[in-house]
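One-letter residues, chain by chain:
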Amino acid sequence: MEMTVHPAAQRPGTALAACFALGLVGSAAWQFLPEPLITLPMLLLLVMSVAPFFAPTRYELGDDLRVTRLGLKRVYSWDRFRAFCVQRNGVFLSPYRGGRSALRGVFLVGASAEVVEFLRARGLHERAH
């Protein structure tokens, strides 16, 4: 099963607002910070932090989970995950069965009911949000 999610294309109004905010912050930083060696890396980090919103993410669910974003491919074994939680914007895959840290898993943005059925078939425990 494969799916590609592109948040900026799905929400053009939010993408336009984000571009405006990036431009505003960038111009203010360029104007008020006198040193380009400080300003340019700061602006680069800012752009990199919102890049996943503007770039498509491809999920491949099969014998393992493959996530491709910004040209980088990560492969996760299903043995890594114990549970999943359906949330408003997608599905969170957790290495824990209970309600522990939400920082160690993988979030599948925009996952459908078909993905949830696939996860159930893989034997992952569904936990409440």
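The following paragraphs examine the structure supplied in this document.

Quick notes on helix α3 (residues 36–54)
Right, on to step 1. If you check α3, its first and last C-alpha atoms are 25 Å apart, about what 19 residues at 1.5 Å a residue would give, namely 27 Å.
Right, on to step 2. Its maximal kink placed at methionine 48, α3 deviates by approximately 30°, while the proline proline 52 follows within four residues.
Right, on to step 3. By the burial criterion, the buried members of α3 are Thr39, Leu43, Ala51 and Phe53.
Right, on to step 4. Looking at the packing, one finds that the buried side of α3 touches α1 (7–10) and α2 (12–32).

Focus: the sheet that holds strand β5 (residues 83–87)
Right, on to step 1. Reading across the sheet, the four strands line up as β7-β6-β5-β8 and stay open at both edges, with mixed pairing between neighbours. Looking at strand neighbours, the two that pair on one side only are β7 (106–109) and β8 (125–126), the edges of this open sheet.
Right, on to step 2. Of the pairings in the sheet, the one linking β5 to strand β6 (residues 90–94) comprises five bridges and is antiparallel in character. Within β6, the position partnered with glutamine 87 by the bridge is glycine 90.
Right, on to step 3. Taken strand by strand, helix α4 (residues 113–121) contacts β5, β6, β7 and β8, and its axis lies near 165° from that of β5.

Focus: the pairing of strand β2 (residues 57–61)
Right, on to step 1. Of all five residues in β2, four are buried; the element is thus mostly enclosed.
Right, on to step 2. Bridge count for β2 against strand β3 (residues 64–69) is five bridges, and the pairing is antiparallel. Paired with arginine 58 across the strands is threonine 68, a residue of β3.
Right, on to step 3. From the end of β2 to the start of β3, which pair antiparallel, there are two residues.

What about unusual backbone geometry?
Right, on to step 1. The phi dihedral of leucine 70 falls on the positive side, at around 55°, and the residue is not glycine.
Right, on to step 2. Along the chain, the position of leucine 70 falls in the loop between β3 and β4 (72–77).
Right, on to step 3. A residue is classified by how much of its surface remains accessible, and leucine 70, at 52% relative accessible area, is exposed.

Regarding a nonpolar patch on the surface
Right, on to step 1. Residues Leu33, Ile38 and Met42 make up a contiguous nonpolar surface patch of roughly 250 Å² in combined accessible area.
Right, on to step 2. Counting through the fold element by element, isoleucine 38 comes out in helix α3.
Right, on to step 3. Its relative accessible area of 53% is what places isoleucine 38 among the exposed residues.

Reading the values: the criteria
Residues numbered from 1 in each chain as written. Predicted model: local features only at pLDDT ≥ 70, side-chain atom pairs only at ≥ 80, totals over all residues. Heavy atoms only, no water. Helix = DSSP H or I, 4+ residues; strand = E, 2+ residues; numbered from the N terminus. Expected span 1.5 Å × (residues − 1). Bend = angle between axes of the 7 residues up to and from the residue. Buried < 20%, exposed > 50% of the residue type's maximum accessible area, 1.4 Å probe, protein only. Contact = heavy atoms within 4.5 Å. Pairing = 2+ DSSP bridges. Axes fitted to C-alpha atoms, helices over the stretch in contact; angles between N-to-C directions. Patch = residues over 30% accessible without salt bridge, like charges linked within 9 Å, V, L, I, M, F, W, Y side chains within 5 Å. Areas by Shrake-Rupley, 256 points an atom, 1.4 Å probe, with all protein chains shown as cover. Salt bridge = Lys/Arg side-chain N within 4 Å of Asp/Glu carboxyl O.

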